[in-house]
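# An overview of the molecular structure
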Amino acid sequence: MEDSVYMKAPWEYLEDLNEIVYVIETETNNLIYMNRYAMDKFSIDKREDYSEQKCYLVLQGRSEPCSFCNTFVPEEEEITEWGGPVPRHPFLLKDTLILWEDMECRMKIAVDMERDALSINSLLHCETLIDACLVQANAVSDPDESLNTMLQTAGEKLKCSRTDIYEGRTAKQLAHNYSWISGKEDAEKKAGNAEKSDSDLSDLWNWYKGACYGGSVLITDIDGFREENPGLAEKLESPNSHSIILVPLLSRMELHGFLRLDDPEVDSPMNVILMGRILSHFVVTLLERRDLQRHFEYLSYHDQLSNALNRNATRKYIEEKKLACPIGIVLCDINGLKVINDLQGHKGGDKVIIAVYDTLVSVFSAEEVFRVGGDEFLVLAHCDEESAFEIKLDLLQRKMMENNYSLSIGSVWVTDEEKDLYSLIKIADQKMIEEKEKFYASSNSLKGRLLSLKKNRLKEEEKLREGNAFFRFIKEYFFDADTFFRAVAPDVSQSFYFFGDVRRKVYYISDSLKKEFNFSDNLVYD
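Cut-offs used in this document
Residues numbered from 1 in each chain as written. Predicted model: local features only at pLDDT ≥ 70, side-chain atom pairs only at ≥ 80, totals over all residues. Heavy atoms only, no water. Pairing = 2+ DSSP bridges. Helix = DSSP H or I, 4+ residues; strand = E, 2+ residues; numbered from the N terminus. Axes fitted to C-alpha atoms, helices over the stretch in contact; angles between N-to-C directions. Contact = heavy atoms within 4.5 Å. Salt bridge = Lys/Arg side-chain N within 4 Å of Asp/Glu carboxyl O. Buried < 20%, exposed > 50% of the residue type's maximum accessible area, 1.4 Å probe, protein only. Phe/Tyr/Trp six-rings, centres within 6.5 Å; stacked < 30°, edge-to-face > 60°. Lys NZ or Arg CZ within 6 Å of the ring centre and 35° of its normal.

## Re the sheet that holds strand 12 (residues 327–334)
One open sheet accounts for 4 strands, arranged 13-14-12-15; its pairing is antiparallel. The two strands at the open ends of the sheet, each matched to only one other strand, are strand 13 (369–371) and strand 15 (407–414). Ignoring strand direction, the axes of neighbouring strands in this sheet form an average angle of 15°. Where strand 12 lies against strand 15, 8 bridges are found, and the strand directions are antiparallel. Across the sheet, the residue bridging to glycine 328 is tryptophan 413, located in strand 15. Against the sheet, helix 11 (residues 311–320) touches strand 12, strand 13 and strand 14 (376–381), its axis set at about 130° to strand 13. Lying over the sheet, helix 13 (residues 386–402) contacts strand 12, strand 14 and strand 15, oriented at roughly 175° with respect to strand 15.

Here it is in structure tokens:
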């Protein structure tokens, strides 16, 4: 699964950063990336408008490299005044050399110094943090590990007492899933507390919406905050904190949670908020990568039609788990699925498969039911006693009969952990095959009797027809029924004639009948 997860280019983590970010290929001076903020500042609508264009042409309107450009000669950060589309005031250009997919690139971040009023030392500190986060974000393919390491790195670089991630798209979903506390060796993933904190942390969401929705929140008067919000302060678990910064996690302008930084040791709160904004983009991207990876893993181990665990999940279960006895093994096959597909189409068959799975899950659990074939399900049921297992099997059969579905079932009860699970499944499979053969033998016997009755009825009807001279004439000689009707009942006749198939309600009427009652055709339905 890890090999299939899309790994972003490092600069894509800064796509939503409200600073100018662009990337240049060092060998050609060609632009290969601009973030949304940069495209907006330079009035560029589409990425195709700058892709493979010279940076000095797009950014400065020049025909040759800029005098201040350090693309070919690495230097320290420098302050430059940009003209052209960008207002003429100082920007700090922070330059980072990156090797990506065998291509040497320079990522430049242009920070508006007048707008942010930041010191050079603070911005150098900010760049160090960005570089560290870039390294950590791409060092491992497991997003959970990346998030934990990033929290620890940010906490250590900013000298925080703790760093946390709260995530969720609504107040009820908000959960405290990741945390790092100074003095602890590693960050911890608190996924186990997520369910407990769903309702508890809704106060944080609602308080933030009222305090400063969309922006960062700096709490320096902790005592005053505790007095005004005692319940929320307790839930934030901050008895020893002197300041708390909450940075919103925004994705496409939607709130997805918060990044929390406690007691950072920097020269200005504004500097920390800027660094928090930068960090938040890394966090959001890693959370999205984690969700994408989980989605791929779900698809890999679940059947897309019924959402049951699939054959891959069966193999993983058998390989990773020892046979925990006692256990009941059930293999079941849906009887007559091919006939249902033939009569009702595959949509009808799909409905039956889903209904059978839902019934299995109502008796056992979703973690115990696997779809291992088109019409086959495997159940690995953990029961304390064989009698409890037999009761479940009996309940399954009764529910199937209530819903007019039929299953061939083979089952095995196992108490010996030394036995091989694959061989036990084969035993259940053989029992299921025997049950299926009995079902179809019985079905074929009934089907044979029905066919025999139908053939006898057709023979009787044929005999009746053979005894009738008119039927013999029609069968053996040419008979023009249309001409016959026109002769005996012309459209001027006062007589009406018709004949038809009463069971199918289809009739052929004479021209006189058609004209009298204004029928559009001689063939009339019902």
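Don't stop here, the text continues.
## Here we look at the pattern of salt bridges
What the rule picks out here adds up to 15 salt bridges. The partner of aspartate 303 in a salt bridge is arginine 371, with the nearest N and O atoms 3.0 Å apart. Taken as a pair, aspartate 303 in the loop between helix 10 (269–301) and helix 11 and arginine 371 in strand 13 lie far apart in primary sequence, 68 residues in all. Overall, the relative accessible area of 13% leaves arginine 371 in the buried class. Residues aspartate 333 and lysine 436 are paired through a salt bridge, measuring 2.3 Å at the closest nitrogen-oxygen approach. Remark: lysine 436 occurs in helix 14 (residues 421–466) and aspartate 333 occurs in strand 12; sequence separation between them is 103 residues. Neither residue differs from the other here; aspartate 333 and lysine 436 are each classed as buried. Among the charged side chains, a salt-bridge network with shared partners connects Arg162, Asp164, Arg260 and Asp262.

## Here's the deal with the packing of aromatic side chains
Evaluated as defined, the whole model comprises 8 aromatic pairs. Ring plane angle 75° and centroid distance 5.4 Å describe the contact between tryptophan 207 and phenylalanine 225, whose orientation is recorded as edge-to-face. Linking tryptophan 207 in helix 7 (residues 202–212) with phenylalanine 225 in helix 8 (residues 222–228), this pair joins segments that are 18 residues apart in sequence. An identical accessibility class is assigned to tryptophan 207 and phenylalanine 225; each is buried. Here tyrosine 357 and phenylalanine 377 contribute two aromatic rings whose centre-to-centre distance is 6.3 Å and whose plane-to-plane angle is 25°, an arrangement assigned as stacked. Here phenylalanine 377 lies in strand 14 and tyrosine 357 lies in helix 12 (residues 337–363), a separation of 20 residues in the sequence. Like tyrosine 357, the residue phenylalanine 377 is buried in the burial classification. An aromatic cluster of three or more residues is present, and its members are Trp205, Tyr208 and Phe258. Over the face of the ring belonging to tyrosine 301 we find lysine 316, whose NZ or CZ atom lies 4.6 Å from the ring centre.

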